[in-house]
Each structure stands twice: as C-alpha cells, then as structure tokens.
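Each chain, letter by letter, is given below.
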Amino acid sequence: MKADPACTELPSAARGGPVSHAVSRVARLHRIAAGKLLRGLGLYPGQEFLMMYLWDAGAVRQSELIKAMDLDPSTVTKMLQRLEQTGHVRRRPDPADRRAVLVEASEDSCALHRAVERAWTDLEEHTLAGLDTAEREELARLLAKVEESLCREVSDCPGRD
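Structural notes, computed from the coordinates. What you see is a predicted model, and the numbers here were worked out from it, not measured in a lab.

1. Details of the overall build of the chain
Along its length, the chain carries seven helices and three strands. Shown N-terminal to C-terminal, the secondary structure of the chain runs as helices and strands in the order α-α-α-β-α-α-β-β-α-α. Here the chain holds 161 residues, and 25% of them are scored as buried. Surface accessibility of the chain: about 11300 Å² in total, with carbon and sulfur atoms responsible for 55%. Charged side chains of the chain number 23 positive and 26 negative; the gap between the two group centres comes to 5 Å.

Printed below as a string of structure tokens:
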C-alpha cells in the first residue's frame, strides 16, 4: 500500500522546517479528532478548554476568563452564550462590583465534566496508540521542552503567569 503523499511529502517551502511542519500537521489532525469527540457531547472545539478552566477555577470574572483563554473578548462572549443556552454555564453580576460579571460552571455541567474527561482519555489513547509507555513519556518530555522554547520566544505564554 502506497503512502498518501499529502501525509508524507514535505512542501518545498517547508523544507527548512520539517519538524515545525510535522508539529503543525499533527496539531491539525489532533484538533480534528478532538472536534469529532466533542461534537458528540454537543460542544464546539475550544469550549472544552473554557469549561475545564471553570471547573477548576470556580466562579471568575468574565474579564479574567477572557485573559486566561487568550482569545478575543467577542469569541469568549459567544462561547459563553452558547454554553449558557445549553445550561453548562451561569453568568451573574459580581457582588463586589456590579459592573463586572462572574462566570461559573453550572451544577448541571457535572455530567459534561465526566464526558469531557472520558473524551480526552479516548483522544489520548487514539493519539498515542502506536507508542509504548517509554515512548509516551519521552514524547511528553520532548513536547514540554518544545513548549518551553516557544513560550520563551513569544514571551507571553498563555496559561502561565
């Protein structure tokens, strides 16, 4: 069986960055696979990260959530509207500052929390199916080093204060 050239050949403009090209392709495929799993839960890609943040942080100001997500405020607002409509998120005025809005995961989102956890476990297994334990640990170690290098390069690494 011949390999699909789209999955094996390096475009001429990417010849100086074969690892960067591979990382981009893997990230794209990972996002597609995650999207398929999330659709089954009624989520759009990215909403799971917002929910993960809220499940761990509790009630936070919407402005803090926007900063933590490192997304355009209008994008976060749209995500919150959708999640609020499905009953996963609740927004209310901040009692300490009525101009601010607090956002929190609703009690009804507990089932979603378990489903997202299962989806990420499944995604992990699909993603790493061809690797043994030592290879998985080595990949995680190497990716952490790559992430650290990129964080130094951008000097404003999302999720790190």
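2. Topic: the sheet that holds strand 2 (residues 89-94)
Spatially, the three strands line up as an open sheet ordered 1-3-2, and their pairing is antiparallel. A strand with exactly one partner marks an edge of an open sheet, and here the two such strands are strand 1 (60-61) and strand 2. Direction of pairing for strand 2 relative to strand 3 (residues 97-105): antiparallel, over a ladder of six bridges. In the sheet register, D94 faces strand 3, and the bridge partner there is D97. Contacts from helix 5 (residues 73-85) reach strand 2 and strand 3, with the element oriented near 115 degrees to strand 2.

Reading guide: rules and limits
Residues numbered from 1 in each chain as written. Predicted model: local features only at pLDDT ≥ 70, side-chain atom pairs only at ≥ 80, totals over all residues. Heavy atoms only, no water. Helix = DSSP H or I, 4+ residues; strand = E, 2+ residues; numbered from the N terminus. Buried < 20%, exposed > 50% of the residue type's maximum accessible area, 1.4 Å probe, protein only. Areas by Shrake-Rupley, 256 points an atom, 1.4 Å probe, with all protein chains shown as cover. Lys, Arg positive; Asp, Glu negative; His and termini not counted. Charge placed at Lys NZ, Arg CZ, Asp CG, Glu CD. Pairing = 2+ DSSP bridges. Contact = heavy atoms within 4.5 Å. Axes fitted to C-alpha atoms, helices over the stretch in contact; angles between N-to-C directions.

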